[in-house]
Structures are given as C-alpha cells and as structure tokens.
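Examination of the molecular architecture
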2 protein chains.
Amino acid sequence: AVPPFIGDQNAAAPSTVPMVMRFGFPGMENLRYREDHVLSYDRRFKTAHWVCEHFTKAKLSARNAERSDYEFMEDEADHPFHRATNKDYRGSGFDRGHLAAAGNHKVSGNAMRDTFYLSNMSPQVGKGFNRDYWAFLEDHCRKLAKSFKNVYVITGPLYLPQQEADGKKYVKFQVIGANNVAVPTHFFKTILKEDDSNHISIESYILPNQPIADDTPLSNFAVPLSAIEKASGFLFFEKMPDKYNYGQIKG
Amino acid sequence: AVPPFIGDQNAAAPSTVPMVMRFGFPGMENLRYREDHVLSYDRRFKTAHWVCEHFTKAKLSARNAERSDYEFMEDEADHPFHRATNKDYRGSGFDRGHLAAAGNHKVSGNAMRDTFYLSNMSPQVGKGFNRDYWAFLEDHCRKLAKSFKNVYVITGPLYLPQQEADGKKYVKFQVIGANNVAVPTHFFKTILKEDDSNHISIESYILPNQPIADDTPLSNFAVPLSAIEKASGFLFFEKMPDKYNYGQIKG
Ligand SMILES: [Mg+2]
Ligand SMILES: [Mg+2]
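Computed from a predicted structure; not experimentally measured.

A look at the pairing of strand 8 (residues 169–176) of chain B
- Of all eight residues making up strand 8 of chain B, six are buried, and the element is well covered by its neighbours.
- Two strands pair when backbone bridges link them, and strand 8 (residues 169–176) of chain A and strand 8 of chain B are joined in this way by seven bridges, in the antiparallel orientation. Counted as the bridge partner of A:Lys169 is B:Val175 from strand 8 of chain B.
- From the end of strand 7 (residues 161–163) of chain B to the start of strand 8 of chain B, which pair antiparallel, there are five residues, and B:Gly167 there has a positive phi angle of about 85°.
- Across two bridges, strand 8 of chain B lies against strand 9 (residues 181–182) of chain B in antiparallel orientation. Note that in strand 9 of chain B the partner of B:Val175 across the bridge is B:Ala182.

Points about the sheet that holds strand 10 (residues 186–194) of chain A
Residues and elements named next belong to chain A.
- Across the sheet, which stays open at both edges, the six strands sit in the order 1-2-3-6-10-11 with antiparallel pairing between neighbours. Each edge of the open sheet is held by one strand with a lone partner, namely strand 1 (31–33) and strand 11 (200–208). Averaged over all adjacent pairs, the angle separating strand axes in this sheet is 15°, with direction ignored.
- As paired strands, strand 10 and strand 11 are joined by nine bridges and run antiparallel to one another.

Re the side chain of B:Thr190
Residue and element names in this part refer to chain B.
- With respect to the secondary-structure elements, Thr190 resides in strand 10 (residues 186–194).
- A relative accessible area of 0% means that Thr190 is categorised as buried.
- Reaching out from Thr190, the side chain makes a polar contact with the side chain of Ser204 at a distance of 2.9 Å.
- Not counting residues up to four positions away in its chain, the partners in contact with Thr190 are Tyr152, Val153, Ile154, Ile202, Glu203, Ser204, Leu225, Ile228, Phe236 and Phe237.

Rules of the game
Residues numbered from 1 in each chain as written. Chains lettered and ligands numbered in written order. Predicted model: local features only at pLDDT ≥ 70, side-chain atom pairs only at ≥ 80, totals over all residues. Heavy atoms only, no water. Buried < 20%, exposed > 50% of the residue type's maximum accessible area, 1.4 Å probe, protein only. Helix = DSSP H or I, 4+ residues; strand = E, 2+ residues; numbered from the N terminus. Pairing = 2+ DSSP bridges. Axes fitted to C-alpha atoms, helices over the stretch in contact; angles between N-to-C directions. Polar contact = N/O pair within 3.5 Å; in protein donor to acceptor, adjacent residues only side chain to side chain. Contact = heavy atoms within 4.5 Å.

None of the figures reported here should be taken as evidence of function without further support.
Given below as structure tokens:
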C-alpha cells in the first residue's frame, strides 16, 4: 500500500525547490515539485523529460526511509491519456527504472515516496544496466557529495538517431503497454559540482539503455554538455555564471 | 530577402491570440504568438508541437499578401542548438511543409510572413502529400469557413508506433540535417466548427507522411480526437463546454 502523506500539510515547511533549481530550469513543461526533487513530464512519451536533484553530504547520510516501504504508483497529476501505469511495464521485460534514484532520498519518508511515481520511471534494461552499471553511476554521483559541498544532478531519457545502411539517420525505439510508454535509447546525467571555494565544474554522460560491462570506464561515456542539450531540446545550468565561457559547455 | 516588419510596432493593435486560443491551449511549451496563429515549438525534434489557427469567411477572403513575396526563415527565438535551418532541409528530399498554411493568412503581410518561420515547417513528402493530398485537406478546412461562422484548426506532427515482425511496437522516423530535424510519421488536424446557432462540432484526421492517391476519401483518415490526444501528449479544446460529454472526444 502507498504510505500516507507524513506530517502536517498546513505547516509552513521550507521548500527545497529554490535549492534544487538553483542553476535554472532546463524547461518549463508539466513541472512536478516533489519533496526533494523537481521533474518535468513528457506527456507524449509517458516518462520524464528531466529530473533535477540536489545532494549534500548531510542529506545523503540520512537514513530516515527504507526503500522496501514504498511501491510504484501512477501519477494522478497526469490525464489518463498520458499516464504510465504499472500494467504498461508488466511483462515488457524492462525495469521501472528510477530517474531520481530512491537511494538518493532517504532524508524523509515523503522524499523517498515521491521517487516512486511512475512519472519518475523510464523503461530500463534491468540486468547489466539499471541493476548494475546505471546503479554504479548513481553511486558515483552520491560519492561526489563527500568531496563537494553542493552537487546538482539532472537525469533524463534520450531518443538518439543512428545512421542505417541507406546512409540516412533514423530514431528508433520500442514503446510498451497500452499507453505506449517510450523505451529510451539512451539516458543522460549531467552533474554540476560546487567545491568549498565556490568553484564550479561539470561532468556529463550519455549511456545506452543496454547491458554495459562492469569494468567499462565511466569516461567512455563522457560527453560535452552541449551534446545533451542539442539532443534533448533542453538547456542546463543557464544560471551558472559564465556558462558560455565554460569549456565543457561550448562543446 | 525577408520582408521588413510592416506597420508601427508601437501601435496598440488588437491581438488575435484570445480568438485563436478561444478553446484553450493544447500545451504551454515554447509558445510563439504570431500575427494570426499561435505555435508551440518542440526543441527536441526541431519542428512545431502544434499550431492553432482561427478562420472566418471574411478573413479568408482577404487578398492582402502574396506567397511569392516571402521566404523561409530561421526562427531566431530558438537557441541555435534547437533551431531548424534551411540547410537542414536542403537535399533531404523533403519539402518544408507549412503547418499553418501560407494560403490561410492572406489577411496581411505580417500574417503571411509569420507562416514562413522554419518553426512552422515539418519535413513533408512533397509529391502526393504536401503538394497534393495535404493541400486538399488545407483547402477542405478553408471551405468550412464558408458555412461555419468560426473554424478553429489545430495542426501538428505525430510519431506513431508500428508493430514489427517480433510482435513489439516501435516508433521509427528519419531525422535530417546537422540539427536532426525530425520527419514525422504522420500529421494530424483537428477542426472545431461553430455554426450560426453556436452549435459546435469537431472533425479530426491523422494522415501518413506519404503519397496519398487524390481519390482517397478523407473519411478514411478520420479518427476520434482522443486518438490524437493520446499519441501527441496534448489535450485539445479543453475550454469547449461539455467536452467530455461530446461523443467524438470520448474516443
Ligand atoms: Mg534504478
Ligand atoms: Mg504545404
């Protein structure tokens, strides 16, 4: 069963949104302000456009929620025409892969619960990807919060073209279930790190939604941020000072 | 050359937006308020999400602009990462197909000029589609304005899945040029007609981006509005009274 909302809905709790979105919104479509992340929903492809998270060492060391207490749930903010359901995933062979990982949000029951909306899931290859290499990347992001005072992570699906034998470029991806939930060809993560001297650095990755051998260096998947911006249709970290003078972003 | 802006930019001209959008916005992403149409831009696929137009008999009988006076132009409202260019289309084999047709906007030079932004174009098959069957559908819409006092037309691209030999459903479409402008698999038009007694009726179509024989009945392509809403991720005519009691929309 879905755990109830914890706490007093009328209490004036400080919102995490200004901190999570400190470096700007990648887009403004169908926004969902969650307890500890912010999500933009893609009604056409029935998964997220992007998910923004903010990590600190203190937040990630909290152990106030257990993953096993929560279940995947439909996002009733979406019209039924545009909503992914558990049934869509059933028998598809794909995992319901968290974009904002449950393990990043142990700070409170509500924060973890909010990661279980199906709007925060994409169909991911399970073995070798969601349960393995992608999970290592999630862990890599969490570890960064040990050496940086603020870490901002943006995660999302991509639908990338490939050249075929006829010399033309095609985008091709599977869709699952009655609602045609899109199976992304790739996923991106872009990570903005701020150190104690307020110096900012960025690392960005595009990974194929496929089994990846454990010993593959993460650097194999490093890309300039602009590669993600061009393919996704979003612009990231627009509020970063001197963004367009920053080497990795010029791309 | 691109004709200059006509008229006094500081004059308080009445906006057509409230009338064009009278039955609601299908979505709110990257809106462009044009002289005589409203467009939502898809930065990922480098073409429009949807275009809304409003026809009356009077407006369509105007002859204040000539198509040959205008040229296709990049939409500088888009970041260069997300902008379609004339070069993307060159040599692709596809037409720069207007979504808001130039022929619908002879009411003024600015109204026609505004249809020539590449954000209002999709790659369309030329012979048998853009220049033929699709143009007949555009003409069908204009003719409706002779018998209805208000006609609202929403047009846009679709990327529809097909079942393949392995029993799974895939979306597959070509992309063209350095900016990977998406070639839609299909296009939709949904048309809301209001008669002199304020009675509302709707007709909706999905056409493949392929040559279609001239003598194919338009009714072959009729669909319930909900089919377009599910596939596109948009909701149309939400401000229509009793929308959800209206047979065609229940779908
Ligand atoms: Mg996972
Ligand atoms: Mg045309």
